[in-house]
Amino acid sequence: PVSPDPIAPIQASVTLTWDMPQSRENSTALTADDIRGYEVSAYNPATNERIIEEVKSLSLLVENLSKGLWEFEVVAIDSTGIRGSVSYLSKQIN
């Protein structure tokens, strides 16, 4: 018989949400039509796991996260490919 792995990783998910930026870094107005999408990255420094997704919506469900401290980053990308300021969040997965 096969016994279960006693150290099987915990798999969790996190839903990230954010607001659309209203202006560029130079303070000029920014509309929804100006934004191509958002790059969202998740990184666990303890396991060196990295997830990178590009989405058009203002939220993302990040699944299959192992136990540990995860660092999340979200950055808007405009229609010409210029990236905005990065927003950061850390979350402990137990």
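Preceding this section is the structure that the text describes.
Thoughts on the overall build of the protein chain
Argument step 1. Summing up its helical and strand segments, the protein chain has zero helices and six strands in all.
Argument step 2. For the protein chain, the α and β elements follow one another from N to C terminus as β-β-β-β-β-β.

Quick word on the environment of Tyr-38
Argument step 1. Structurally, the position occupied by Tyr-38 is in strand S2 (residues 35-44).
Argument step 2. Residue Tyr-38 is classed as buried on the basis of its relative accessible area of 3%.
Argument step 3. Placed 36 residues apart in sequence, Tyr-38 and Val-74 show a C-alpha to C-alpha distance of 6.6 Å.
Argument step 4. Excluding residues within four positions of it along the chain, Tyr-38 makes contact with Trp-18, Met-20, Pro-21, Glu-53, Glu-54, Val-55, Lys-56, Ser-57, Leu-58, Val-74, Val-75 and Ala-76.

Things to note about the nonpolar core
Argument step 1. Counting 17 residues, the largest nonpolar core has Leu-16, Trp-18, Tyr-38, Val-40, Leu-65 and Phe-72 as its most contacted members.
Argument step 2. For this core, the elements supplying multiple residues, two or more each, are strand S1 (12-17), S2, strand S4 (59-65) and strand S5 (68-78).
Argument step 3. If sequence neighbours within four positions are ignored, Phe-72 has contacts with Val-14, Leu-16, Ser-41, Ala-42, Leu-65, Ser-87, Tyr-88, Leu-89 and Lys-91.

Focus: the environment of Ser-13
Argument step 1. Position of Ser-13 among the secondary structure elements: in strand S1.
Argument step 2. Accessibility expressed as a relative area gives 46% for Ser-13, which makes it partly exposed.
Argument step 3. Taking the C-alpha atoms as reference points, Ser-13 and Ser-66, separated by 53 residues in sequence, lie 9.0 Å from one another.
Argument step 4. Setting aside chain neighbours within four positions, we find Ser-13 in contact with Leu-61, Val-62 and Glu-63.

Some thoughts on unusual backbone geometry
Argument step 1. Phi at Ser-27 is positive, roughly 75 degrees, even though this residue is not glycine.
Argument step 2. Turning to its location among the elements, Ser-27 is positioned in the loop between S1 and S2.
Argument step 3. For Asn-48, which is not glycine, the phi torsion reads 65 degrees and is therefore positive.
Argument step 4. By secondary structure assignment, the location of Asn-48 is in the loop between S2 and strand S3 (49-55).

As for the pattern of salt bridges
Argument step 1. Evaluated as defined, the whole model comprises three salt bridges.
Argument step 2. The salt bridge partner of Arg-36 is Glu-54, with a shortest N-O separation of 3.4 Å. Residue Arg-36 is located in strand S2, and its partner Glu-54 is located in strand S3; the two are separated by 18 residues in the primary sequence.
Argument step 3. With a relative accessible area of 45%, Glu-54 lands in the partly exposed category.
Argument step 4. Residue Arg-83 pairs with Glu-39 through a salt bridge whose shortest N-O separation is 3.2 Å. With a gap of 44 residues between them, Arg-83 in strand S6 (residues 83-93) and Glu-39 in strand S2 connect regions that are remote in the sequence.
Argument step 5. Accessibility expressed as a relative area gives 43% for Arg-83, which makes it partly exposed.
Argument step 6. Here Glu-39 falls in the partly exposed class, since its relative accessible area comes to 23%.

Here is what the cut-offs are and how they apply
Residues numbered from 1 in each chain as written. Predicted model: local features only at pLDDT ≥ 70, side-chain atom pairs only at ≥ 80, totals over all residues. Heavy atoms only, no water. Helix = DSSP H or I, 4+ residues; strand = E, 2+ residues; numbered from the N terminus. Buried < 20%, exposed > 50% of the residue type's maximum accessible area, 1.4 Å probe, protein only. Contact = heavy atoms within 4.5 Å. Core = buried A, V, L, I, M, F, W, Y, C linked by side-chain atoms within 4.5 Å. Salt bridge = Lys/Arg side-chain N within 4 Å of Asp/Glu carboxyl O.

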